[in-house]
Amino acid sequence: MSSPITKVRQRQIAQTMETGKRMDGRTLTDYREFTIEQGVIEKAEGSARVFLGKTQILVGIKVETGEPFPDTPNEGVMTVNAELVPLASPTYETGPPDETSIELARIVDRGIRESKAIDTEKLCIEPGKKVFVVFVDIYVLNYDGNLIDAAALAAMSALMNTKMPNYEIKDGELKLKQGYTQLPMKSHPVTVTIGKIGEKLIVDAAMEEEQVIDARLTMAINEEGNICAIQKGLSGYFTPQQLIEASKLAREKADEQRKKLKW
Amino acid sequence: MSSPITKVRQRQIAQTMETGKRMDGRTLTDYREFTIEQGVIEKAEGSARVFLGKTQILVGIKVETGEPFPDTPNEGVMTVNAELVPLASPTYETGPPDETSIELARIVDRGIRESKAIDTEKLCIEPGKKVFVVFVDIYVLNYDGNLIDAAALAAMSALMNTKMPNYEIKDGELKLKQGYTQLPMKSHPVTVTIGKIGEKLIVDAAMEEEQVIDARLTMAINEEGNICAIQKGLSGYFTPQQLIEASKLAREKADEQRKKLKW
Amino acid sequence: MSSPITKVRQRQIAQTMETGKRMDGRTLTDYREFTIEQGVIEKAEGSARVFLGKTQILVGIKVETGEPFPDTPNEGVMTVNAELVPLASPTYETGPPDETSIELARIVDRGIRESKAIDTEKLCIEPGKKVFVVFVDIYVLNYDGNLIDAAALAAMSALMNTKMPNYEIKDGELKLKQGYTQLPMKSHPVTVTIGKIGEKLIVDAAMEEEQVIDARLTMAINEEGNICAIQKGLSGYFTPQQLIEASKLAREKADEQRKKLKW
Amino acid sequence: MSEKHEKLIDKKGIRLDGRKADELRSLKLEVGVLPNADGSAYVEHGKNKILVGVFGPREVHPKHLMKADRMVLKCRYHMAPFSVPERKSPAPSRREVELSKVIRESLEPALFPELYPRTGIDVYVEVLQADGGTRCAAITAAALALADSGIPMRDLVVACAAGKVEDTVVLDLYDAEDKLGAADVPVAYMPNLNAVTLLQMDGQLSPEEFEKALNMAMEGCKKIYALQKEALKNKYMTTKVETKEETEE
Amino acid sequence: MSEKHEKLIDKKGIRLDGRKADELRSLKLEVGVLPNADGSAYVEHGKNKILVGVFGPREVHPKHLMKADRMVLKCRYHMAPFSVPERKSPAPSRREVELSKVIRESLEPALFPELYPRTGIDVYVEVLQADGGTRCAAITAAALALADSGIPMRDLVVACAAGKVEDTVVLDLYDAEDKLGAADVPVAYMPNLNAVTLLQMDGQLSPEEFEKALNMAMEGCKKIYALQKEALKNKYMTTKVETKEETEE
Amino acid sequence: MSEKHEKLIDKKGIRLDGRKADELRSLKLEVGVLPNADGSAYVEHGKNKILVGVFGPREVHPKHLMKADRMVLKCRYHMAPFSVPERKSPAPSRREVELSKVIRESLEPALFPELYPRTGIDVYVEVLQADGGTRCAAITAAALALADSGIPMRDLVVACAAGKVEDTVVLDLYDAEDKLGAADVPVAYMPNLNAVTLLQMDGQLSPEEFEKALNMAMEGCKKIYALQKEALKNKYMTTKVETKEETEE
């Protein structure tokens with residue numbers, strides 16, 4: 001079920017799409033059902049598990065202290081890392097991150113960073129010297145397609161669930177105080193990936209469908225409907241017309257999700 | 001002679017053991033002869049070479065300064081590393097440490113650490129800031145079985161041979177003074193590994209014997225006869241009864257060795 | 001053309017050399033034409049591209065600040081690195097540096113270091129704490145033999161093209177000032193590699209010729225005609241007589257080049 | 001293990017988390033939780049949260065590890081970066097390499113490797129949250145995942161630690177007891193075969209204490225063994241329904 | 001992208017480097033610059049200096065990547081240590097891994113992989129100097145190098161970015177605009193097929209601005225496309241002479 | 001090499017360690033010291049302590065390095081972490097990679113690789129204690145280990161350095177002279193064939209000094225060559241007895 005699928009099955013999926021339908025009964029622009037569980041890793045500063053169809057992703061957040069980047073001395077640091085752990089698919093392997101997991105991490109990173117989702121200026125402890133560092137670790141637990149949207153959703157959900165310690169500076173030393181504060185967020189981007197198959201556009205491709213689409217286009221959309229990050233992927237192309245169409249569809253789906261999420 | 005042995009030979013070894021004897025004439029609970037040479041690497045702070053039958057292990061100790069661990073600010077640091085260098089066996093390869101050498105290092109580490117063999121509090125130079133770091137490097141020069149006991153013996157012998165520089169703190173800077181001090185030791189664990197073959201228990205398995213035993217059990221035993229570290233290894237099992245029996249045998253052999261070693 | 005050559009071709013090359021000639025018309029002691037372009041990477045502190053026949057090497061210099069080595073607290077640091085990037089030859093591969101590129105970097109390093117070409121004492125900013133670090137990065141862009149001489153020439157040309165920032169120390173902090181200073185140079189070694197084939201000695205072996213020579217001898221020669229670094233390479237040998245002869249030839253060719261270069 | 005710490009156990013023998021000396025932490029075992037794996041299980045043991053996926057018998061990679069006369073078991077114990085107080089680098093630590101080895105060796109006695117020559121089974125352990133005793137919880141979950149994958153087993157393997165806190169031998173140490181206690185003895189056991197397949201120890205124990213801890217750990221194992229069997233039964237009933245659905249598809 | 005910076009564009013719409021909003025930087029394209037490569041090209045796009053070498057179709061390494069029914073395209077985007085203000089370690093960064101992937105995917109639609117089953121083509125991009133927009137310049141050069149290698153292509157791929165600086169949509173951002181501007185949209189395009197093969201975006205754009213930037217980038221691509229064709233023509237004439245020489249040899 | 005240091009050689013030409021300019025350090029050579037290796041040798045050269053094991057001719061790993069028409073010689077020069085004043089990381093340094101290469105190239109001229117096609121020989125050098133001149137001592141030991149393994153050789157290879165300390169050309173530099181002296185010239189030599197198989201130089205020498213150092217190094221090599229032969233003879237006698245014992249076993 002999770003191995004590469006046969007040519008016959010591929011043709012079947014593609015032909016069904018030509019008629020505007022999908023093997024699992026969805027229309028071309030339907031997302032699969034998703035659920036979000038926040039706070040599933042109590043010991044992490046934040047966490048969320050997202051189920052999107054059978055795709056399952058866990059994101060854990062650690063907040064530590066570290067140095068700011070020299071060119072942004074007043075801002076905290078965020079780093080995103082993704083692991084396609086081998087229990088998620090028979091095709092995943094152990095070893096250092098490959099191009100798929102690196103691209104996944106960098107797309108999710110870009111959506112959060114460019115939309116300025118985290119108010120990084122509030123993560124500064126001592127300008128140029130000490131800031132909070134937010135580690136976003138994406139853990140793919142079961143792969144059934146559309147990792148990007150599921151990972152972006154899980155990452156945002158985990159960040160919105162993240163608490164950081166209260167502190168004060170006494171005699172130049174960081175001292176933790178009682179209690180926690182919510183991680184300060186300024187924006188809530190929603191990420192939507194559109195697949196192209198022949199002349200058709202679809203959303204939320206399942207694993208089998210990902211094997212027949214020509215190309216994908218991912219957009220992170222903020223509250224104002226502005227685009228904050230884009231990534232085209234796979235070995236196919238889009239016509240300029242299709243890109244405009246896809247970007248419109250992405251904004252519609254982002255709107256739709258935003259309402260559901262109440263973000 | 002050093003390659004994996006034939007099935008015929010394996011059967012022969014196993015059958016001989018069934019009769020309570022071994023191919024090289026030992027009884028099941030005899031160790032092979034061992035010799036210890038201390039101070040063989042004059043330029044290292046400590047060293048010892050152990051020959052156990054044809055197994056040959058060299059341990060060198062380097063003492064440097066470094067930072068303590070945050071949770072033990074008043075204690076020096078010990079790290080153990082093992083290399084199965086490729087001249088020790090036709091089956092050893094170059095490359096980063098594999099699970100065998102990592103397990104070997106960690107078993108030896110545990111025996112020394114849990115018995116509190118080194119008085120690490122005396123290795124503190126400036127609490128929280130500067131301590132002595134003791135590097136224990138295990139170098140396997142010829143493999144003929146029972147690396148664990150030989151390596152533990154060589155590591156302890158090398159530590160007991162280790163000198164560290166005298167020093168004083170002047171104006172916050174470490175200054176070396178004339179002369180050396182013995183590395184402070186609080187305990188002298190002896191490590192014994194028991195092999196199980198069928199219903200029999202043996203000690204000090206040679207390389208050929210290691211290919212027929214089902215499982216092994218290693219125990220580090222201190223002066224009081226207390227157990228400081230245990231590691232079961234290999235793909236077989238012990239019954240609870242055998243474990244009790246093995247632990248008794250391990251303590252007997254540890255006693256025996258302790259007398260020989262005058263530790 | 002760039003792949004390993006046939007045995008027939010090898011024989012042909014060797015036989016031609018026996019007659020004192022070479023396939024491309026040169027005598028045994030002729031260098032190929034070379035050209036040097038300095039300052040080709042405007043954003044680097046220094047750079048030079050050398051064409052030696054079809055061999056093409058680019059060296060870029062970065063000057064940064066860092067710590068001195070403990071045993072030379074008053075001197076700046078130089079490090080040389082070489083990359084045989086895979087577009088230079090169908091036989092080059094991606095990946096960490098192999099023994100060929102490491103040897104290349106270390107030979108070039110030795111020639112510069114042992115001739116004291118860079119006046120490293122002038123690179124000290126604050127003794128024991130802060131010095132300039134000069135990174136010499138050798139980038140082989142097309143391989144057609146004699147990488148060592150071409151890389152050494154490119155490295156020296158790039159260093160002679162290197163500017164470093166003016167600075168002052170204010171309140172213990174490094175402050176950059178307007179303008180640049182030439183990297184201070186004390187010596188200008190010329191590096192010559194001699195190939196041995198049978199009883200003959202040749203200079204500047206092209207790629208095809210490198211496949212038939214038995215051994216090579218590299219010498220870095222300074223202004224006084226002194227030898228600053230030597231490296232014998234390849235799986236053949238020299239008789240002591242050949243070594244003396246080769247060292248004479250190397251000094252002659254170094255002289256010749258030095259005049260051309262006006263160093 | 002350090003000797004300085006607050007009182008971990010009171011005069012009445014009650015531990016800081018409210019348990020008696022020989023009491024297990026709460027357990028939750030689920031089987032068949034990962035759609036893509038051939039077998040899988042999820043265990044919550046105290047605050048430990050551990051997921052195990054099993055793949056195989058399948059082709060062995062890299063090929064030179066293949067054995068002509070038997071199946072090769074590979075095992076990776078891996079901690080999520082967010083599973084511990086200070087973020088863990090995703091690169092495998094020496095500790096993870098050692099635990100991968102002892103977990104594999106604790107499972108091997110349960111299998112019949114000669115039944116599947118030239119193949120391999122991969123057991124992937126992901127520690128999502130760690131609270132002391134992860135290797136034991138991992139073994140308990142891995143045995144369930146192997147059973148879920150359908151390969152024949154001599155017995156389930158089940159694991160639990162005992163140890164010593166202050167002067168008391170106690171069952172199933174959690175994080176603080178593991179760090180501050182006097183000894184920790186993880187044990188893996190096949191109850192039906194009366195076979196101990198993992199035994200390690202950190203700390204110091206007299207021979208008598210060791211024997212007591214070993215027995216206490218095995219008693220703990222037996223209790224968890226009952227839960228393992230129940231988890232498998234539950235999954236079996238669920239699976240039957242799921243299988244039906246998939247057939248209709 | 002940071003919001004605090006000096007004025008990057010003046011009231012007359014002139015950018016800090018003197019260009020108008022829709023003006024390209026200077027370009028220099030050369031083909032066939034590396035004797036050992038099967039195809040090669042060198043591009044100077046503003047201060048970007050990029051060299052590309054192509055090898056193949058040839059045997060695939062490592063072998064398990066070989067495909068029975070098609071050619072495999074591999075691509076490595078790599079920056080020289082001296083190409084950027086602070087020396088870059090030669091080890092591949094995560095950014096380089098991602099760019100290698102998107103560059104490969106931007107070139108693939110131009111090829112006929114089914115024509116060369118069981119073989120591979122390697123595209124090696126070396127960034128010798130970086131000044132913003134290296135991925136686009138790399139794609140422009142890589143397409144030329146592929147064409148130079150002689151394998152059939154549906155069309156040349158050409159790339160150029162547009163973006164937003166202050167409140168203006170501009171073409172072809174250089175380093176300072178890339179770092180301090182409001183958005184950067186690199187686009188790769190096959191003009192004859194009207195196909196966009198790379199599209200990324202950093203920053204923030206309204207849907208209208210995005211559409212405008214996309215169109216402006218494609219216009220830029222078309223201009224560079226003309227230069228690509230000229231570079232190939234020039235090389236073709238040169239090559240004929242060279243080929244003759246080599247035949248005589 | 002640094003120019004500031006205490007006097008390394010006095011007015012009478014006596015060096016800090018008591019030797020005359022052309023005097024070797026003490027040497028101890030043993031053959032056949034490692035039971036598992038096909039050939040082995042141990043050398044103490046001054047305070048250098050070096051162990052060499054040889055395996056082969058045997059299968060080549062990895063396989064793509066195998067040559068159809070000859071044996072492949074591989075060599076690893078490796079320093080123990082405790083062999084030098086500051087602990088050395090076990091990972092191979094660039095210096096170790098270079099020395100592995102030049103040591104291999106110094107041994108190759110002594111072998112007949114065409115006699116053992118499709119096989120490999122591995123030479124493993126372990127520096128247990130370093131005191132200047134380790135590569136030379138390693139070559140001396142490696143040649144003995146190769147001879148001990150029984151493969152045919154044109155001649156033994158023997159190595160020794162000469163160099164310059166203050167203004168004097170001296171033989172066989174030890175650590176302090178190596179670090180503070182003016183030049184170091186390691187030489188490997190096959191005396192019977194009059195063939196130099198290793199030559200390197202650090203420092204500065206006039207052509208005349210170079211020639212003098214080269215000759216002095218070769219004279220040193222010849223002395224060590226005599227010791228090599230004796231060590232082999234001793235081992236041969238010992239081996240005969242041992243072999244007998246093993247046959248009876």
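Before reading on, note that the structure itself is shown above.
1. As for the overall build of chain A
Here comes step 1: Looking only at helices and strands, chain A features 5 helices and 12 strands.
Here comes step 2: Taking 263 residues into account, the globule formula puts the C-alpha radius of gyration at 18 Å, and chain A, at 20 Å, falls close to it.
Here comes step 3: Considered along the principal axes of its C-alpha atoms, chain A spans approximately 70 × 35 × 30 Å.
Here comes step 4: By residue count, 59% of the 263 residues in chain A fall in the buried class.
Here comes step 5: In chain A, of all internal contacts separated by at least 6 residues, the share reaching a separation of at least 24 is 67%.
Here comes step 6: In the structure as shown, chain A presents an accessible area of about 10900 Å², 49% of it carried by carbon and sulfur atoms.
Here comes step 7: Averaging the locations of the 34 positively and 39 negatively charged side chains of chain A gives two centres separated by 3 Å.

2. Thoughts on the pattern of salt bridges
Here comes step 1: In the structure shown here, the tally under the stated rule is 114 salt bridges over all chains.
Here comes step 2: Ionic pairing is found between R104 of chain D and E99 of chain B, a salt bridge with its closest N-O pair at 2.9 Å. Residue R104 of chain D is found in helix α1 (residues 94–107), and its partner E99 of chain B is found in helix α2 (residues 99–114); the two belong to separate chains.
Here comes step 3: The buried category is assigned to R104 of chain D, whose relative accessible area is 16%.
Here comes step 4: Between R26 of chain C and D24 of chain C there is a salt bridge, and its shortest N-O distance comes to 3.0 Å.
Here comes step 5: Residue classification places R26 of chain C among the buried positions, given a relative accessible area of 7%.
Here comes step 6: Residue D24 of chain C is classed as partly exposed on the basis of its relative accessible area, which comes to 44%.
Here comes step 7: A network of salt bridges, in which partner residues are shared, links K43 of chain A together with R15, D17, R19, R25, D131, D172 and E177 of chain D.

3. What to know about the environment of R258 of chain C
Residue and element names in this part refer to chain C.
Here comes step 1: You can see R258 is positioned in helix α5 (residues 240–261).
Here comes step 2: On the accessibility criterion, R258 (11% relative accessible area) is buried.
Here comes step 3: The spatial distance from the C-alpha of R258 to the C-alpha of Q182 is 21 Å, given a sequence separation of 76 residues.

4. Concerning the side chain of K235 of chain F
Here comes step 1: You can see K235 of chain F is positioned in helix α4 (residues 207–248).
Here comes step 2: Setting aside anything within four residues of it in sequence, one finds K235 of chain F in contact with V31, G32 and D148 of chain F.

5. A closer look at the sheet that holds strand β8 (residues 183–190) of chain E
Here comes step 1: An order of β10(A)-β9(A)-β11(A)-β12(A)-β9(E)-β8(E)-β6(E)-β7(E) is seen for the 8 strands of this open sheet, with the pairing classed as antiparallel. One side of each edge strand has no neighbouring strand; the edge strands of this open sheet are β10 (200–203) of chain A together with β7 (168–171) of chain E. When strand polarity is set aside, the average angle formed by the axes of neighbouring strands in this sheet is 20°.
Here comes step 2: Judged from the 4 bridges that link them, strand β9 (residues 190–197) of chain A and β10 of chain A form a sheet pairing that is antiparallel. Looking across to β10 of chain A, one finds that K196 of chain A is bridged to L201 of chain A.
Here comes step 3: Of the strands in this sheet, β11 (215–221) and β12 (227–233) of chain A together with β8 and β9 (195–205) of chain E are in contact with helix α1 (residues 94–107) of chain E, which crosses β9 of chain E at around 140°.
Here comes step 4: Its contacts with the sheet place helix α2 (residues 134–149) of chain E against β6 (158–165), β8 and β9 of chain E, and it is angled at close to 160° to β6 of chain E.

6. Some details on the arrangement of the chains
Here comes step 1: With no contact between them, chain A and chain B keep their nearest C-alpha atoms 14 Å apart.
Here comes step 2: There is a gap between chain B and chain C: no contact, and a shortest C-alpha distance of 14 Å.

7. Some thoughts on a positive patch on the surface
Here comes step 1: A surface patch of positive charge is lined by K7 and R11 of chain A together with K67 and R70 of chain E.
Here comes step 2: By secondary structure assignment, the location of R11 of chain A is in helix α1 (residues 7–18).

8. Focus on unusual backbone geometry
Here comes step 1: Residue P62 of chain D is bonded to the preceding H61 of chain D through a cis peptide linkage, with omega at -10°.
Here comes step 2: Relative to the assigned elements, P62 of chain D resides in the loop between β3 (48–58) and β4 (72–79).
Here comes step 3: Of note, the phi angle at N146 of chain C is positive, near 55°, even though the residue is not glycine.
Here comes step 4: Note that N146 of chain C resides in the loop between β6 (130–142) and α3 (147–160).
Here comes step 5: Given the relative accessible area of 3%, N146 of chain C is considered buried.
Here comes step 6: For D204 of chain C, which is not glycine, the phi dihedral falls at a positive 50°.

9. Things to note about the interface of chain E and chain C
Here comes step 1: With 32 residues of chain E at the contact, the number on the chain C side is 31 residues.
Here comes step 2: Buried surface at the junction of chain E and chain C, both sides included, amounts to about 2500 Å², of which 58% is carbon and sulfur.
Here comes step 3: Summed over the shared surface of chain E and chain C, the number is 3 salt bridges.
Here comes step 4: Here R87 of chain E and D137 of chain C are joined by a salt bridge, their closest N and O atoms 2.6 Å apart.
Here comes step 5: Run the count over chain E and chain C and you get 16 residue pairs in polar contact (both at pLDDT 80 or more).
Here comes step 6: For the side of chain E that touches chain C, the secondary-structure elements that each account for two or more residues are β3 (48–58), β4 (72–79) and β5 (120–129) of chain E.
Here comes step 7: Counting residues per element, the side of chain E that touches chain C draws most heavily on β3 of chain E, at 6 residues.

10. Comments concerning the interface of chain E and chain A
Here comes step 1: Listed as interface residues are 33 residues of chain E and, on the opposing side, 37 residues of chain A.
Here comes step 2: Carbon and sulfur atoms supply 51% of the area buried between chain E and chain A, which totals about 3100 Å² over both sides.
Here comes step 3: The largest contributions to the chain E side of the interface with chain A come from R94, E98 and Q204 of chain E, which together make up 21% of the buried area.
Here comes step 4: Counting across the chain E and chain A interface gives 19 residue pairs in polar contact (both at pLDDT 80 or more).

11. Considering the pairing of strand β7 (residues 163–170) of chain A
Moving residue by residue along a regular strand, the side chains alternate between the two faces of the sheet.
Residue and element names in this part refer to chain A.
Here comes step 1: In terms of strand pairing, β7 meets strand β8 (residues 173–182) through 7 bridges, oriented antiparallel. Bridge pairing links Y167 to L176 in β8.
Here comes step 2: The hairpin formed by β7 and β8 contains 2 residues between the paired strands, and D171 there has a positive phi angle of roughly 55°.

12. What to know about the sheet that holds strand β9 (residues 195–205) of chain F
Here comes step 1: The strand order across the open sheet built from 8 strands is β10(C)-β9(C)-β11(C)-β12(C)-β9(F)-β8(F)-β6(F)-β7(F), with neighbouring strands paired in antiparallel fashion. The open sheet has two edge strands, β10 (200–203) of chain C together with β7 (168–171) of chain F, and neither has a second partner. Neighbour-to-neighbour, the strand axes of this sheet turn through a mean angle of 20°, independent of strand direction.
Here comes step 2: For strand β8 (residues 183–190) of chain F and β9 of chain F, the ladder comprises 6 bridges, and the chain directions are antiparallel. Directly across from A183 of chain F, in β9 of chain F, lies its bridge partner G203 of chain F.
Here comes step 3: Sitting on the sheet, helix α2 (residues 99–114) of chain C is in contact with β11 (215–221) and β12 (227–233) of chain C together with β9 of chain F, with an inclination near 160° to β12 of chain C.
Here comes step 4: Each of β9 (190–197), β10 and β11 of chain C together with β8 and β9 of chain F is contacted by α5 of chain C, which is oriented at about 140° to β9 of chain C, the strand it contacts most.

Conventions and cut-offs
Residues numbered from 1 in each chain as written. Chains lettered and ligands numbered in written order. Predicted model: local features only at pLDDT ≥ 70, side-chain atom pairs only at ≥ 80, totals over all residues. Heavy atoms only, no water. Helix = DSSP H or I, 4+ residues; strand = E, 2+ residues; numbered from the N terminus. Rg over C-alpha atoms; globule rule 2.2 N^0.38 Å. Buried < 20%, exposed > 50% of the residue type's maximum accessible area, 1.4 Å probe, protein only. Contact = heavy atoms within 4.5 Å. Areas by Shrake-Rupley, 256 points an atom, 1.4 Å probe, with all protein chains shown as cover. Lys, Arg positive; Asp, Glu negative; His and termini not counted. Charge placed at Lys NZ, Arg CZ, Asp CG, Glu CD. Salt bridge = Lys/Arg side-chain N within 4 Å of Asp/Glu carboxyl O. Pairing = 2+ DSSP bridges. Axes fitted to C-alpha atoms, helices over the stretch in contact; angles between N-to-C directions. Patch = residues over 30% accessible without salt bridge, like charges linked within 9 Å, V, L, I, M, F, W, Y side chains within 5 Å. Buried area = accessible area lost by both parts, 1.4 Å probe. Polar contact = N/O pair within 3.5 Å; in protein donor to acceptor, adjacent residues only side chain to side chain.

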